[in-house]
Amino acid sequence: MAEGVCAMTTYNLMLMPTSYGHPEEEYWRLIEGVSMWDVAVERQVQLKGPDAGRLVQILAARDLSKCKIGQGKYVPICNHHGVLLNDPILLKRAEDCYWLSIADSNIWFWAEAIARERGLDVEVSEPDVSPLAVQGPKAENVVASIFGDWVRDLKYFWFRETEINGIPVAVARSGWSKQGGFEIYLMDGSKGTKLWNIVKEAGQPYGIGPGNPNWCERVESGLVAYGGDTDGQTNPFEVRMGKYVDLHVPDDTVGIQALRRIAADGPKRHQLGVVLEGSEPAKADFRWNDIEKDGKKIGDLTNCTWSFRMRKNIGFALVSVTALPGDMVVVQRGAGPVEGTLCDLPFL
Ligand code: THG
């Protein structure tokens, strides 16, 4: 509140700040400087016990057999039909302890139910962990000035557990932007303001300011939002996550039979970008609008944003695989139809 937050959204049954009142300033700070985000809503589902490794491989259709302690991986979690349930980042803390850093859907219930149904010796819980993201080209200098130069050697998604002024944290190279940066996983919620102020002070020389997972940057960069760009039928192949699915994982991985079938038949839809006509920020609220080609519906526009760098309205299209980059389409919105052109993702 002290930072002037003026908009929030709900995510994982919690409130996430979404604006501090200056969207364009917040965007350029991320692109050119450094921004700090309260993303405590990215809850951790912890799997702990002798069967934690087995459970995580049953939940995630990505081969985790070579995942090392201290390593993170982006893993699709699917149901038995191969439909995406969540797209967490997995953090391997120990041979018998993993975190699933989840997007907006309840994986605690799911993991607990699968563990009990399979008779596994593992405890599923939601520990007191709240990530704080530091993102942008100057993030590395800020985080190194707090924790030391070792953070510069962290590989993407790798992390190390440490502490700062008695505050227990894990520092990871990760975050929901393509501008580079870190996430500091706070392991004691009562010290949130203390940690925030440490980062804020260390960031002063670099012009740090508050922000949030930035909608414009993530669309430009082609990052998927589970639940925003996916519906109740979306499988990982449809939303460019096929590279995170390993079809050779053991047969007891939830959904793997369905995913093998979908891979063999070929998915029906794919995710492309769409650049809309016009060079004024769109006022209409786009969300899952019909996309038509030659007068027939071919799919949906799952998000749309004004791109500050492209000076165009852009969005993601979840469309029939018969639609290809370069195709002209029409998007149906409340204010009337608007023309657009399909393209590959990412935009930038
Ligand atoms: N941070 C943490 N947890 C999270 C998110 C986060 N959980 C949910 C959600 N966000 C997960 N979504 C993503 C999606 C993409 C990436 C990170 C989180 C990402 N992707 C890179 C890319 O697409 O180029 C690289 C992925 C790879 O190739 O392995 O970074 O933000 N804690």
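Position numbers for residues start from 1 in each chain and track the written sequence from start to end. Given that the model is predicted, a residue must reach a pLDDT of at least 70 before its local features are reported, and side-chain atom pairs must reach 80 or more before they are shown or counted; all residues, however, enter totals for whole chains, interfaces and linings. Values shown for side chains rest on all heavy atoms present in the structure; no hydrogens or waters enter the calculation.

A few words now on the overall build of the chain. From N to C terminus, the chain includes 7 helices and 21 strands. Against the globule reference of 20 Å for 348 residues, the chain gives a C-alpha radius of gyration of 21 Å, in line with a compact fold. Dimensions along the principal axes, computed over C-alpha positions, put the chain at roughly 60 × 50 × 35 Å. With a 1.4 Å probe rolled over the protein chains alone, any residue whose accessible area is under 20% of its type maximum counts as buried; one over 50% counts as exposed, and the rest are partly exposed. By residue count, 57% of the 348 residues in the chain fall in the buried class. Expressed as a percentage of contacts within the chain between residues at least 6 apart in sequence, the contacts between residues at least 24 apart total 66%. Computed with a 1.4 Å probe, the accessible areas rest on the Shrake-Rupley method; for each residue, only the protein chains presented here act as cover. Accessible area of the chain: about 15,100 Å², with a carbon and sulfur share of 52%. Counting from the N terminus, the helices are the DSSP runs of H or I reaching at least four residues and the strands are the DSSP runs of E reaching at least two. The globule rule used here is 2.2 Å times the number of residues to the 0.38 power, and the radius of gyration it is set against is calculated over C-alpha atoms. Residue contacts follow a heavy-atom distance rule, with two residues in contact if any of their heavy atoms lie within 4.5 Å.

A pair of strands is treated as paired once DSSP finds two or more bridges between them. An order of E5-E8-E9-E4-E10 is seen for the 5 strands of this open sheet, with the pairing classed as antiparallel. The open sheet is flanked by strand E5 (72-74) and strand E10 (123-125), the only strands paired with a single partner. For this sheet, the mean angle separating the axes of adjacent strands, direction not counted, is 20°. Of the strand pairs in this sheet, strand E4 (residues 44-48) and E10 are connected by 3 bridges, and their pairing is antiparallel. Bridge pairing in E10 places Lys48 opposite Glu123. In the packing of helix H2 (residues 52-59) onto the sheet, contacts are made with E4, strand E8 (89-94), strand E9 (97-101) and E10, and the angle to E9 comes to roughly 30°. Strands in contact with helix H3 (residues 107-117) are E4, E9 and E10; relative to E10, the strand with the most contacts, it is inclined by about 170°. Axis definition: a line fitted to C-alpha atoms, limited for helices to the stretch in contact. Angles are taken between N-to-C directions and run from 0 to 180 degrees.

As a further point, take the environment of Val75. For Val75, the location among the structural elements is in the loop between E5 and strand E6 (77-78). With 141 residues separating them along the chain, Val75 and Cys216 place their C-alpha atoms 24 Å apart. Ignoring sequence-local partners within four residues, the contact set of Val75 consists of Ala60, Arg62, Leu64, Asn86, Asp87, Pro88, Leu90 and Leu100.

What follows is about H2. Within H2, 6 of the 8 residues are buried, leaving the element largely enclosed by the surrounding structure. The complete set of buried residues in H2 reads Ala52, Leu55, Val56, Gln57, Ile58 and Leu59. Summarising the contacts, the buried residues of H2 are in contact with E4, E6, E8, E9, H3 and E10.

This next bit is on the pattern of salt bridges. The working definition used for a salt bridge is a side-chain nitrogen of Lys or Arg within 4 Å of a carboxyl oxygen of Asp or Glu. Per the stated rule, a full pass over the model turns up 19 salt bridges. Between Lys200 and Glu3 there is a salt bridge whose closest N-O contact spans 3.1 Å. You can see Lys200 sitting in helix H5 (residues 192-203) and its partner Glu3 sitting in the segment before strand E1 (7-11), a full 197 residues away along the chain. For Arg116, the salt bridge identified is with Glu112, shortest N-O distance 3.2 Å. Residue Arg116 and its partner Glu112 are both found in helix H3; the two are separated by 4 residues, about one turn of the helix. Owing to a relative accessible area of 41%, Arg116 belongs among the partly exposed residues under this scheme. Through salt bridges that share partners, Glu140, Asp149, Arg152 and Arg173 make up one connected network.

To continue, consider the packing of H2 against H3. Relative to each other, H2 and H3 sit at 115°, their axes nearing to 10 Å. Classified by the angle between their axes, H2 and H3 sit roughly perpendicular to one another. Handedness of the crossing formed by H2 with H3: right-handed. Only Trp110, Ala111, Ile114 and Ala115 of H3 make contact with H2, whose side of the interface consists of Leu55, Ile58 and Leu59. By the definition adopted for this analysis, an angle is roughly parallel if under 35 degrees, roughly antiparallel if over 145, roughly perpendicular if from 65 to 115, and oblique otherwise. Helix crossings get a hand from a simple test, with the near helix turned counterclockwise from the far one by less than a right angle marking a left-handed crossing and a clockwise turn marking a right-handed one.

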